[in-house]
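# Survey of secondary and tertiary structure
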Amino acid sequence: MTTHVRLLAILVVVSGVGLSAAAAASNDTWKGAWKFEIDRQDQPSLNYYDNRGKTVFRIGCGAHYEMDAVYPGAAPKQDDTKASITIANGKTQMDFANQADLGYARDDPELYQDKWHALENRVFDLLDSGQPLTISAEGKSYVLPPLNVPRWRARFQKIC
């Protein structure tokens, strides 16, 4: 498995993200910054880092289209444990399970087709709403400030 595949594992990889659920639960709003980045393999990601430089949230594409977030639940989930989170912006919310490619199987003929791109656009609309983002699971949550990265979406979609 290549580094970029392991780098992003759809949501809730607390140990890979480097922050604990207890840290997430103790903060109502994370303090930090949004950044759009391109890695050494020319693969884009949108990231939210806390003030210490630890990743709180990340969405990117490479061999898979994937998302990570600090899990707000009571305890870190094991890699093989199914988990899900909800991301909400005050107007809309979406649930995400622990799976790559926005829930589509690698052999699904619809992957990266019209229906899939419509879902991708819904995710990007949610993130790019100009509203704070609430990440929640198991009755616990934390808030990320509104995304403030110019042209991130166009740059992301141009590469992916």
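All residue numbers here refer to positions counted from 1 along the written sequence of the relevant chain. Totals for whole chains, interfaces and linings use all residues, but because this is a predicted model, local features are given only for residues with pLDDT of at least 70 and pairs of side-chain atoms are given and counted only at 80 or more. Processing note: side-chain calculations cover all non-hydrogen atoms of the structure and skip hydrogens and water entirely.

## Focus: the sheet that holds strand 8 (residues 140-144)
- Here, strands pair whenever DSSP counts at least two bridges between them. In this text, helices come from DSSP runs of H or I with a minimum length of four residues, and strands from runs of E with a minimum of two, each type numbered from the N-terminal end. Taken in spatial order, the four strands of this open sheet run 6-5-7-8, and their pairing is antiparallel. Single-partner strands in this sheet number two, and they are strand 6 (93-97) and strand 8. Averaged over all pairs of adjacent strands, the angle between strand axes in this sheet comes to 20°, irrespective of strand direction.
- Where strand 7 (residues 133-137) lies against strand 8, five bridges are found, and the strand directions are antiparallel. By the bridge assignment for strand 8, alanine 137 is matched with lysine 140.
- Residue contacts are defined here by distance: any two heavy atoms, one from each residue, within 4.5 Å place the two residues in contact. Fitting a line to C-alpha atoms yields each axis, with helices limited to the stretch in contact; the angle taken between N-to-C directions then spans 0 to 180 degrees. Across the sheet, helix 4 (residues 114-127) touches strand 5 (84-88), strand 6 and strand 7, and the angle it forms with strand 6 is around 120°.

## Quick word on the pairing of strand 2 (residues 44-50)
- In this scheme, a residue with accessible area under 20% of its type's maximum is buried, one over 50% is exposed, and one in between is partly exposed, where area comes from a 1.4 Å probe on protein chains only. Here strand 2 lies mainly inside the structure; seven of its seven residues are buried.
- Across the two faces of strand 2 the burial is the same, with Pro44, Leu46, Tyr48 and Asp50 and Ser45, Asn47 and Tyr49 all buried.
- Here strand 1 (residues 32-38) runs beside strand 2; their pairing, made up of seven bridges, is antiparallel. In the sheet register, isoleucine 38 faces strand 2, and the bridge partner there is proline 44.
- What sits between strand 1 and strand 2 in their antiparallel hairpin is a turn of five residues, with aspartate 42 showing a positive phi close to 60°.
- In this structure, strand 2 lies alongside strand 3 (residues 55-61), joined through five bridges in antiparallel fashion. The residue bridging leucine 46 from the neighbouring strand is isoleucine 59, located in strand 3.
- Between the end of strand 2 and the start of strand 3, which pair antiparallel, lie four residues, with glycine 53 showing a positive phi angle near 85°.

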